[in-house]
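Results of the structural survey
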Amino acid sequence: MSDQPDFDHLDTDYDRFLPLLQGADDGLLAALKAVPESGRVLDLACGVGEPAVTLARQRPDLRLTGIDISETQIAAARARAPRLGIDGVRFEVMSMDALELDTGSVDAVMSRMGALMMGDPARTAREAARVLTPGGRLAVAVWGTLDMHAAMRLGLRCLESVLPAEEVPDFSAFDRLAAAGVRDGILREAGLTAVESHTLRWTFERADFESWWSFVLSIPGPMQDAFRRLDQDALSRARRTMAELAAPCRRRDGSYAFPMGCQLLSGRV
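Calculation notes
- Residues numbered from 1 in each chain as written.
- Predicted model: local features only at pLDDT ≥ 70, side-chain atom pairs only at ≥ 80, totals over all residues.
- Heavy atoms only, no water.
- Pairing = 2+ DSSP bridges.
- Helix = DSSP H or I, 4+ residues; strand = E, 2+ residues; numbered from the N terminus.
- Axes fitted to C-alpha atoms, helices over the stretch in contact; angles between N-to-C directions.
- Contact = heavy atoms within 4.5 Å.
- Buried < 20%, exposed > 50% of the residue type's maximum accessible area, 1.4 Å probe, protein only.
- Polar contact = N/O pair within 3.5 Å; in protein donor to acceptor, adjacent residues only side chain to side chain.
- Core = buried A, V, L, I, M, F, W, Y, C linked by side-chain atoms within 4.5 Å.
- Expected span 1.5 Å × (residues − 1).
- Bend = angle between axes of the 7 residues up to and from the residue.
- Phe/Tyr/Trp six-rings, centres within 6.5 Å; stacked < 30°, edge-to-face > 60°.
- Salt bridge = Lys/Arg side-chain N within 4 Å of Asp/Glu carboxyl O.

1. Overview of the pairing of strand S3 (residues 89-93)
With five bridges joining them, strand S2 (residues 63-68) and S3 adopt parallel strand pairing. Bridge pairing in S3 places Asp68 opposite Val93.

Below you can see the structure in the form of structure tokens.
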């Protein structure tokens with residue numbers, strides 16, 4: 001997407017986003033089980049340290065490095081990991097489109113909702129392939145079509161109900177990049193082989209409507225900015241629209257279960 005969300009302040013609210021990403025984490029980490037003992041793993045666009053920290057907890061033998069272009073997030077990652085009892089992960093400020101690493105220096109590259117979605121996907125793929133050792137593996141979990149992301153999809157429909165079409169954020173890049181063969185082709189052109197693409201699906205649960213609504217309003221990026229610009233009347237109308245849209249996901253006890261999904265792409269050099 002051309003306009004990247006500003007994630008610099010996400011560290012203060014990060015834990016609330018973990019359940020949204022759980023299904024992606026499970027699939028991504030499962031794809032990395034074959035990393036050899038003491039393998040070197042690079043986490044692209046690691047944000048405040050995930051999923052590198054979770055992988056370090058599961059595989060303390062691995063040598064992990066997390067990189068992100070945001071100095072704020074890397075600082076948060078460096079502080080967060082020791083609080084969770086993890087001290088074996090290195091975090092560095094670095095662009096995934098211009099890795100300051102030697103060719104063939106890592107055994108695996110992973111990314112969750114960063115690589116192949118933000119920055120320059122083709123350049124990211126080439127850099128990932130370059131730093132992988134022969135036989136090394138790449139695994140990337142990335143949002144698929146907009147229909148797979150319930151919070152974004154329903155949030156945009158709420159904005160469409162109260163804003164002129166030209167003021168509704170454009171997330172068409174979700175569908176363009178998720179189209180059949182697009183990301184697979186980017187990986188193959190970068191030199192990766194045995195490229196595979198799977199769909200991961202899971203459920204995102206909220207205790208009640210208010211917790212769901214506040215979550216939607218808190219997602220960083222253009223959608224959050226659009227909601228913040230609404231006056232009180234428009235925001236109230238958007239909230240009523242969301243209540244209607246979310247109704248099919250409401251359980252008998254008043255809690256909600258929203259279907260989620262993403263793409264899991266993998267390959268080797």
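2. Looking at the sheet that holds strand S5 (residues 132-143)
Across the sheet, which stays open at both edges, the seven strands sit in the order S3-S2-S1-S4-S5-S7-S6 with mixed pairing between neighbours. Only two strands of the sheet have a single neighbouring strand rather than two, namely S3 and strand S6 (193-206). Averaged over all neighbouring strand pairs, the angle between strand axes comes to 20°, with direction disregarded. Sheet strands touched by helix H8 (residues 209-218): S6 and strand S7 (256-268). Its angle to S6, the strand with the most contacts, is close to 135°.

3. Digging into the environment of Thr124
With respect to the secondary-structure elements, Thr124 resides in helix H4 (residues 121-131). With a relative accessible area of 1%, Thr124 lands in the buried category. Non-local contacts of Thr124, meaning those with residues more than four positions away in its chain, are made with Leu44, Met96, Asp97 and Ala115. At 2.2 Å, the side chain of Thr124 and the side chain of Asp97 are in polar contact.

4. Some details on the nonpolar core
The biggest cluster of nonpolar side chains holds 93 residues, and the ones touching the most others in it are Leu42, Phe91, Val109, Trp143, Trp212, Met223 and Phe227. If sequence neighbours within four positions are ignored, Val109 has contacts with Leu42, Leu44, Ala128, Val131, Leu132, Arg137, Leu138 and Ala139.

5. Regarding helix H1 (residues 18-30)
Compared with the 18 Å implied by 1.5 Å per residue over 13 residues, the 17 Å span of H1 between its first and last C-alpha is a close match. Ala24 marks where H1 bends most, by close to 35°. Tucked into the core, H1 has its buried residues touching helix H2 (52-58), strand S4 (106-112), S5, S6, H8 and S7.

6. Quick notes on the packing of aromatic side chains
Counted according to the given criterion, the structure contains nine aromatic pairs. The interplanar angle of 55° and the centroid separation of 6.3 Å between the aromatic rings of Phe209 and Tyr256 together place this pair among those described as tilted. Here Phe209 is found in helix H8, whereas its partner Tyr256 is found in strand S7, with 47 residues between them in sequence. Given the relative accessible area of 11%, Phe209 is considered buried. Owing to a relative accessible area of 6%, Tyr256 belongs among the buried residues under this scheme. Between Tyr256 and Phe258, the ring centres sit 5.8 Å apart and the planes meet at 5°, which makes this aromatic pair stacked. Members of the aromatic cluster, connected to one another through ring pairs, are Phe204, Phe209, Trp212, Trp213, Phe215, Phe227, Tyr256 and Phe258.

7. Observations regarding the pairing of S7
A large share of S7 lies buried, amounting to 11 of its 13 residues. Relative to S7, S6 is paired through 12 bridges, and the arrangement is antiparallel. Bridge pairing in S7 places Leu200 opposite Cys262.

8. What about the pattern of salt bridges?
The full count for this structure, using the stated rule, is 10 salt bridges. Among the salt bridges present, the one from Glu92 reaches Arg78, with a minimum N-O distance of 3.6 Å. Of this pair, Glu92 sits in strand S3 while Arg78 sits in helix H3 (residues 71-83); the two residues are 14 residues apart in sequence, bridging distant segments of the chain. Take Arg78: its relative accessible area is 44%, and that puts it in the partly exposed class. Between Arg251 and Glu205 there is a salt bridge, with its nearest N and O atoms 2.8 Å apart. Taken together, the residues Arg251 in the loop between helix H10 (232-246) and S7 and Glu205 in strand S6 connect sequence positions 46 residues apart. Given a relative accessible area of 33%, Arg251 falls into the partly exposed group. A relative accessible area of 45% means that Glu205 is categorised as partly exposed. Among the charged side chains, a salt-bridge network with shared partners connects Arg78, Arg90 and Glu92.

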